[in-house]
Structures are given as C-alpha cells and as structure tokens.
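Fold and contact review
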Amino acid sequence: MRTMSPAGESAVPSLRAAWRTLADGLLIQRLHLHVQEWRELVQSSGSLPDLGGVPVAALAARPSHVPGPQAQEVLAGAGLTYWWSLPQLHGVDADPDSGRILGAAEQARQRLVAEGAAQPWAEALRAVCEASAWWVGFFAIIRHRGVRHLTLEPNPEAIRAQVLDSAAGAVAYGMADRLLASALQTRDDVSARGAYCEAVSAGIEIERTLPALLEELGELRLVDLVATTVVWRGQFTKYAGGTGAGQVE
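Source: prediction; values computed, not measured.

What about the overall build of the protein?
Looking only at helices and strands, the protein has eleven helices and zero strands in total. The order of α-helices and β-strands along the protein, N terminus first, is α-α-α-α-α-α-α-α-α-α-α. Sequence-distant contacts, at least 24 apart, represent 79% of the contacts inside the protein between residues at least 6 apart. Carbon together with sulfur atoms contributes 54% to the accessible area of the protein, which is approximately 11,700 Å² in total.

Structure representation (structure tokens):
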C-alpha cells in the first residue's frame, strides 16, 4: 500500500528512499562514464547494428520542451532536476523529420494530463516524460557495447524497436508516479491527484509485463534503468540483496 506523509512533515529517509538515491547516482555515473562514447556513436552512426536500422537521431534528440521556473521547482522537489537537465545539456539538435520512435512516453503524458493543462506540475510532467524517452535512447545507442544483464557476457542479442518503445513508456509512468507523489506533498490539486491515481494504475498494468520486457531488453544498463524507475515489487531487488550497484563499471 502506498502512503504519503502530510505536507511539511519531516522524516528520516526510508531504506527505499536510500535505494532510490543510489539508483539515481548510478544513472548519473553511467552517463558521465559513457557520454563521450555515446557522442562518437551519435556523430558517426546513421543507424544501430542491434536495432534493425533505427536512426540514431531519433534516439539522441534533445527534448523539445524546457520547463519554466515553477515547473523546475516541482522537479527539484521530487529530486528530478538531473532527469531533465542532463538530456537538455547532452541531447543533440535533430532534424524534425528524423522522427522519434519512443512515442510511448508521449502517450503516457497524454494519458495523465489533459491537453492544454498549464499548471506547473503538468509542465513538469511533460518534461519528465520527454526526458524518459531520451534516457532510454541514450542507453540504447551504446547497448551493443554492453553486457547481458544476467550473465555479464558481451554482445547482447538484437532487439526490436518496439521493445524500446515499451521501455520508454514504462519509465515515463514510473517517473510520473514519483513526480506526482512528491507534488502532492505540497499542494492539494484535484487534477494532480487524478493523474497520480492514473499513473499508479498504469504501473499495475505494466508490472505484469515487466519481467518479459526486461528479458527482451537484455542489456545490463537498460535493464537497470527500467527496473529501478518503474514502481513494482522488483524495483530494488538487486540493492536489497546487497549486490548490483555499479556492476561492470
């Protein structure tokens, strides 16, 4: 069962919150470790060898929306400044005609927020969803140079583009859940509460398919990204067992 503390109540961070901080730190570490490798692939590759010709430009493009000051405050309150700012910093300018294959993240936003909603939390949620697609794209671009998530053997098997799309949608719902849960600590907004309930419902739907999705993703960094951002029973299993942080790196 999910519970939320009353607004303004101070509390010692839970073990789960500590694991979430660890997961955030590992994502940031991995980006900085591999961003130069990623940049070289973006500059030199038209498509990816393990994704059947998916254009790199569709995965590397900078998110189109920069959240305003109030939305940035909502994101900071949820500990998600890094989540949107790093894609803005490292994402590349892409031809609009190159397309974005990770449309499931945008579908998540449309499910959670009414078109034209102007509240800061709604703008922040848009930034979270767009960034979710970028993060999946970042690790997809270097995926073929990674290792299998269970055996740590090199050369993960090729996957379908649809698998990445499903991953982007799952990550978007997971981060939306996190953002909205935080936002509701400081505001009582009926529409935000409705969006949060919808995000929780989406997470329940996704959980049934998540083990199969992780197996299809195959590669360690992509699996960790999805598994630790989606709210599900296995979210921090690796940390709970005392292993898993910084594998390979």
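Back to the text.
Side note on helix H7 (residues 161-183)
If you check H7, its first and last C-alpha atoms are 33 Å apart, about what 23 residues at 1.5 Å a residue would give, namely 33 Å. The buried fraction of H7 amounts to 20 of the 23 residues, a majority that puts the element mostly inside the structure.

A few points about the environment of Leu41
Among the structural elements, Leu41 can be located in helix H1 (residues 15-44). As for Leu41 and Ile142, which are separated by 101 residues in sequence, their C-alpha atoms are 7.8 Å apart. In this structure, Leu41 is in contact with Val56, Ile141, Ile142, His144 and Arg145, ignoring residues within four places of it in sequence.

So, the nonpolar core
Within the largest apolar cluster, 77 residues are counted, with the highest numbers of intra-cluster contacts made by Trp83, Trp121, Trp135, Ile141, Leu164 and Leu217. Among the elements that line this core, the one with the most residues is helix H6 (residues 120-141), at 16 residues. Setting aside its immediate chain neighbours within four residues, Leu217 contacts Arg143, Ile159, Val163, Leu164, Ala167, Leu222, Val223 and Val226.

Some words on helix H10 (residues 220-229)
Counting buried positions over the ten residues of H10 gives ten, a clear majority of the element. Three or more residues of H10 are buried, namely Leu220, Arg221, Leu222, Val223, Asp224, Leu225, Val226, Ala227, Thr228 and Thr229. Against the buried residues of H10 lie H1, helix H4 (81-90), H6, H7, helix H9 (210-217) and helix H11 (237-240).

A word on the confidence of the model for the protein
A low pLDDT score tells you not to read the predicted coordinates there in detail. The share of residues in the protein with pLDDT of 70 or more is 90%, and the mean pLDDT across the chain is 89. Here residues 3-10 scores under 50 on pLDDT; set against residues more than four positions off or in separate chains, the count is nine contacts.

Digging into the environment of Leu112
Relative to the helices and strands, Leu112 is located in helix H5 (residues 103-112). We classify Leu112 as buried; its relative accessible area is 7%. A sequence separation of 84 residues divides Leu112 from Tyr196, and the C-alpha atoms of the two residues are 7.8 Å apart.

What about the environment of Ala76?
One can find Ala76 in helix H3 (residues 69-77). In this structure the C-alpha to C-alpha distance between Ala76 and Ala124, which are 48 residues apart in sequence, comes to 9.8 Å.

Scoring rules and cut-offs
Residues numbered from 1 in each chain as written. Predicted model: local features only at pLDDT ≥ 70, side-chain atom pairs only at ≥ 80, totals over all residues. Heavy atoms only, no water. Helix = DSSP H or I, 4+ residues; strand = E, 2+ residues; numbered from the N terminus. Contact = heavy atoms within 4.5 Å. Areas by Shrake-Rupley, 256 points an atom, 1.4 Å probe, with all protein chains shown as cover. Expected span 1.5 Å × (residues − 1). Buried < 20%, exposed > 50% of the residue type's maximum accessible area, 1.4 Å probe, protein only. Core = buried A, V, L, I, M, F, W, Y, C linked by side-chain atoms within 4.5 Å. pLDDT = per-residue confidence, 0-100.

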